[in-house]
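# Commentary on secondary and tertiary structure
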Amino acid sequence: MSCCLANGRWRMLDDAVVKTTCAYCGVGCGITATVTDASARVVEIKGDIAHPANFGRLCSKGSSLGETISLEGRQLFPEINGQQVAWSTATSKIATEFKRIRDQHGPDAIAFYVSGQLLTEDYYVANKLMKGFLGSANIDTNSRLCMSSAVAGYKRAFGADSVPASYDDFAHAELMVLVGSNTAWCHPIIFQRIKAIKAEKPNLKVVVIDPRETATNEIADLHLPIKSGGDVLLFNALLAELAERGAVDPHFTATHCSGFDAAVVSAKADRGDRATLAGRLGIPADRLQTFFDWFTATERTLTMYSMGVNQSSAGTDKANAIINCHLATGRIGKPGAAPFSLTGQPNAMGGREVGGLANMLAAHMDLENPAHRERVQRFWQSPSIPDKPGLKAVDLFDAVHDGRIKAVWIMATNPVVSLPNADRVRAALEKCELVIVSDCIADTDTMRLAHIRLPALGWGEKDGTVTNSERRISRQRGLLPPPGDAKPDWWALAEVGRSLGFKNGFNYTHPAQIFREHAALSAFENNAGTGIRDFNIGLLAQLDNSEYNALKPVQWPVTPDAPLGTERLFADHRFYTPDGKARLVALSYRAPVNTLSAEYPLVLNTGRIRDQWHTMTRSGLTPRLLQHIGEPFAEMHPDEAKKMGVKEGGLVRLRSRWGSAVARVQISDGQKPGNLFMPMHWTGVLSRSGRVGAVVNPAVDPISGQPENKHTPIAADIYPAAWHGYLLSATPLALPALDYAVAIRLENGWRYELANDHIPDDWTGWATAWLHDPVGEKLEYQDVTRGIHRYAWIADGVLKALAFFGPEAELPPRAWLQSLLGKPVDALSRRALLSGKPADPEADVGRIICACFGVGERTITRAIGQQNLKNVAEIGQCLKAGTNCGSCQPELKKLIPCEAIPA
């Protein structure tokens, strides 16, 4: 480790190399971090070439982790009602309030809302405290928004939350089907791995099933632009085709499955007339036929699915419709053949292992199973275990809103931004008796509503384990000492547990203790006599602290029969149901809960973008990750934009029954007419109107409780801006009270994009006041007739601030101007400053395409023209663009006419 505890004080070690795990998506990439200056928190990040999840590759987000570990904006001390207090005061206050509320209203008046950003050890203690000692199951997690439909689908089919496949299966597959997953942007290292395999195996076919044409289409042999919510209908039709063509495995279905006949009958009834099926799905008939042919003929088929499947009011059925097709053909437990959910968060899987969801128990045991409850209670030696599931995320915050939940402890997540119907979530927390928030960041939408604020450790300080999409447990190791009075989440939970009087249950001093207990519970009575459970890492319960510190990545289960871990499940065709058989589920297509109407005629889809993560509390600290896309946007088809009368870069207001947002327009032929896409990342801290969660409907899957983030009926109209503008400032500023205001971090300061429907009486006075009276000489240009107002402040020959206002079409590009902020302005640049056009055209790099190396669009197009670059490889050789994570390669291709991606 790069920091160690000696004689009660942290000793920081420079040039220490630490192997750890990335903080972002569920790929679980290994990282080699070198602390080059511990006191200044300078860390060099590289991919770990020995880690089997990524073999040294990192995406733009992972590569920039070293830029996110400064102490800027950190919550460093506990606070109660805005006053700094000691930890003992804060934890005693929480315990006292929990006792009072439990005595007055019962244990279900208390709730925890936790996160896939927690380490497994944190997750374990939170689940133990709530379910084992406070006596309520009201602990849920933001994984409810991410993976709960996949979990429910696996449990219905296999009897347990068992992910069958591994990344190694990519190399064995002959057909890969990507469903509801923009893998290129959301799981970039998986995408690059598949892309490399495809280059070596020209016979490998890739099918992408998604309403949008995304960057993932770069490797697609077939794109099925399915109508929103139509996945059950598609895979039911596939199952019916497989049965009619004799492509099922009769021995496997008869010996190792149940429910096959009923599933096929239901699938055939659902499919109906073949002539109309393509129209119902929105897929050209020839493409549909090709998909059926390929799936029928290809034994080694890997179907990978993500949020486009999970985030639906029929998400569980969608998962089971996919799994049905694999069970019917026996394509499971074999190399290159499995249904494979791609996990969203870095430790969503670890949270599932410890029972982080409100309807689960630790070690993959079931809350509603009396034998499981008794077993866990006996192992924990706890007072009781609740006998009914707790409230799932959406219902949990409804209960806060209604006053049924009096206290909520929120850890490592930002539900005021990420949950659907987010304005109602904010209103719920505003009137809640006690809101406790544990976070490493001091200013988030949710932290602003906290009565008690607890300083948590961030990435680079945490020490524990995470589990990725392929069941691989890896260590996340601390690089730097805890700043201020920040503590691990498990420590804060244990302190509260002890303050509540449960000293024996929470006597932890090291994360290794928690891990050993977690591992021991996974093996506790896990045998043939009481029913074998899938999750078993019992051998790891023997690790001492040094062995835990040195733990190498390993896939569960880890058992005497598989001491080095298990690459692939179900090779023996034994499942975790009472009779050992997998279940095919009879399904019928049902439309999304909220249907389109004359008032709300468009479908809103939401999701991630390439360089940002969740609500940007970490990735938003890195300027280069904001240069590719810096503002919330609404992507729409050209026909939709023409109908609306809006142009690329204009502003549009999205409205639903639940709320509204304003976003910048992106026009794309890859978007389906009648559909819009808006990313999930922007918060009220960074954007006045970019919280898409305020627009998203709160309908949920009846089994998993996962919200329908991919289908909200909306209306969209041009935002009637009287003016547009942008400002540059060397220091951060509070967002002004305008309808549209977005803060964008730069390497040398901040840019603020602005628009409003009201014109200030005094442009000069308004801009000067908001910029806090910048020092220096003021340059000014105004054309009142055209509504153009431009100002720049120069002091000691350095550009200190800039403010440009006017019609959107009259605002010059930002890239060159923002490159001057805080730097000396020569005579040539001074003369060109208010025009916004550099005298040297090559000084304007244009919109950033490659975030890893900061390469702009104009730099790329100039190089293509001047050096006759013919492909992406030549661009990389010339400019380095596209040579790190590769996520920008589809956009690079589009800049070369001969390599444009076909429709």
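In short, a report on the structure. (Residues numbered from 1 in each chain as written. Predicted model: local features only at pLDDT ≥ 70, side-chain atom pairs only at ≥ 80, totals over all residues. Heavy atoms only, no water.)

## Overview of the overall build of the protein chain
Secondary structure assignment for the protein chain yields 29 helices and 38 strands. Against the globule reference of 29 Å for 903 residues, the protein chain gives a C-alpha radius of gyration of 27 Å, in line with a compact fold. For the protein chain, the spread of C-alpha atoms along the three principal axes comes to 85 × 70 × 55 Å. Each of the 903 residues in the protein chain was classed as buried or not, and the buried ones make up 65%. Here the protein chain displays about 31,100 Å² of accessible surface, and carbon together with sulfur accounts for 51% of that area. Across the protein chain, 96 positive and 95 negative side-chain charges occur, with their mean positions spaced 2 Å apart. (Helix = DSSP H or I, 4+ residues; strand = E, 2+ residues; numbered from the N terminus. Rg over C-alpha atoms; globule rule 2.2 N^0.38 Å. Buried < 20%, exposed > 50% of the residue type's maximum accessible area, 1.4 Å probe, protein only. Areas by Shrake-Rupley, 256 points an atom, 1.4 Å probe, with all protein chains shown as cover. Lys, Arg positive; Asp, Glu negative; His and termini not counted. Charge placed at Lys NZ, Arg CZ, Asp CG, Glu CD.)

## A few points about the layout of surface pockets
Counted as a void, the second largest pocket has a volume near 1,100 Å³. Taken together, 39 residues form the lining of the second largest pocket, with Ile532, Arg533, Asp534, Phe575 and Tyr576 sitting closest to its centre. Secondary structure elements with two or more residues in the lining of the second largest pocket: helix H4 (148–158), strand S17 (365–366) and helix H16 (370–380). Residue composition of the lining of the second largest pocket, grouped by class: 13 nonpolar, 13 polar and 13 charged. (1 Å grid on protein atoms, 1.4 Å probe; cavity = no way out; pocket = protein on both sides within 12 Å on 5 of 7 lines; lining within 4 Å. Points joined across faces, edges and corners; volume = space filled by probe spheres on them. Nonpolar A, V, L, I, M, F, W, Y, C, P; charged D, E, K, R; others polar.)

## Points about the sheet that holds strand S9 (residues 139–141)
The strand order S7-S6-S20-S19-S18-S8-S9 describes an open sheet built from seven strands, whose pairing is mixed. On the outer flanks of this sheet lie strand S7 (83–84) and S9, each paired with one strand and no other. Where strand S6 (residues 79–80) meets S7, two bridges bridge the pair, whose relative direction is antiparallel. The partner of Ile80 across the bridge, within S7, is Gln83. The sheet strands contacting helix H2 (residues 87–105) are S6, strand S8 (110–114), strand S18 (407–411), strand S19 (434–439) and strand S20 (452–455), and the helix crosses S20 at an angle near 135°. In the packing of helix H17 (residues 393–402) onto the sheet, the strands contacted are S8, S9 and S18, and the crossing angle to S8 comes to about 135°. (Pairing = 2+ DSSP bridges. Contact = heavy atoms within 4.5 Å. Axes fitted to C-alpha atoms, helices over the stretch in contact; angles between N-to-C directions.)

## A look at the nonpolar core
Counting 220 residues, the largest nonpolar core has Phe98, Phe112, Leu234, Phe291 and Trp409 as the members making the most contacts within it. Tallying contributions element by element places helix H8 (residues 231–244) first for this core, with nine residues. Other than its neighbours up to four places away in sequence, Trp409 contacts Ile94, Phe98, Ala111, Phe112, Tyr113, Ile436, Ser438, Leu454, Ala492, Leu493 and Val496. If you look at the next biggest cluster of nonpolar residues, it comprises 23 residues, including Leu145, Val400, Cys432 and Val437. (Core = buried A, V, L, I, M, F, W, Y, C linked by side-chain atoms within 4.5 Å.)

## Regarding the sheet that holds strand S31 (residues 723–729)
Taken together, six strands build an open sheet; the order of strands is S32-S33-S31-S36-S35-S34 and the sheet is antiparallel. Two strands in the sheet have a free side with no partner beyond their single neighbour: strand S32 (740–746) and strand S34 (777–783). Mean inter-strand twist for the sheet, computed between neighbouring axes without regard to direction, equals 10°. Looking at chain direction, S34 and strand S35 (residues 788–795) are connected through seven bridges and run antiparallel. Looking across to S35, one finds that Leu779 is bridged to Ala792.

## Things to note about the pairing of strand S4 (residues 30–37)
For S4, a buried count of six out of eight residues is recorded, marking the element as mostly surrounded by other parts of the structure. Between S4 and strand S5 (residues 42–47), which follow one another and run antiparallel, lie four residues, and Arg41 among them has a positive phi close to 55°.

## Some remarks on the environment of His187
Position of His187 among the secondary structure elements: in the loop between helix H6 (183–186) and helix H7 (188–200). Residue classification places His187 among the buried positions, given a relative accessible area of 1%. As a C-alpha pair, His187 and Ser306 span 119 residues in sequence and 10.0 Å in three-dimensional space. Those residues in contact with His187, other than ones at most four positions away along the chain, are Cys25, Val27, Ser181, Asn182, Ser306, Leu342, Thr343 and Gly344. Within the structure, the side chain of His187 is placed 2.8 Å from the backbone oxygen of Thr343, a separation counted as a polar contact. (Polar contact = N/O pair within 3.5 Å; in protein donor to acceptor, adjacent residues only side chain to side chain.)

## Considering the pairing of strand S36 (residues 798–806)
Within S36, eight of the nine residues are buried, leaving the element largely enclosed by the surrounding structure. By the bridge criterion, six bridges tie S31 to S36 in an arrangement that is antiparallel. Across the sheet, Gly725 pairs through a bridge with Phe805, a residue of S36. As paired elements, S35 and S36 share seven bridges and run antiparallel to each other. Paired with Tyr791 across the strands is Ala803, a residue of S36. Hairpin connection from S35 to S36: two residues lie between these consecutive antiparallel strands, with Asp796 at a positive phi of about 55°.

## A closer look at the packing of aromatic side chains
According to the stated counting rule, one finds 35 aromatic pairs in the structure shown. With a centroid separation of 5.7 Å and an interplanar angle of 20°, the aromatic rings of Phe158 and Phe575 are classed as stacked. In this pair, Phe158 is assigned in helix H4 and Phe575 in the loop between strand S23 (554–555) and strand S24 (582–583), connecting sequence segments 417 residues apart. Judged on exposure class, the residue Phe158 and its partner Phe575 are both buried. With a centroid separation of 6.1 Å and 40° between ring planes, the pair formed by Phe291 and Phe292 is classed as tilted. With respect to class, Phe291 is no different from Phe292; both count as buried. An aromatic cluster is defined as three or more aromatic residues linked by ring pairs; in this entry it consists of Trp723, Trp750, Tyr752, Trp763, Trp766, Trp770 and Phe805. (Phe/Tyr/Trp six-rings, centres within 6.5 Å; stacked < 30°, edge-to-face > 60°.)

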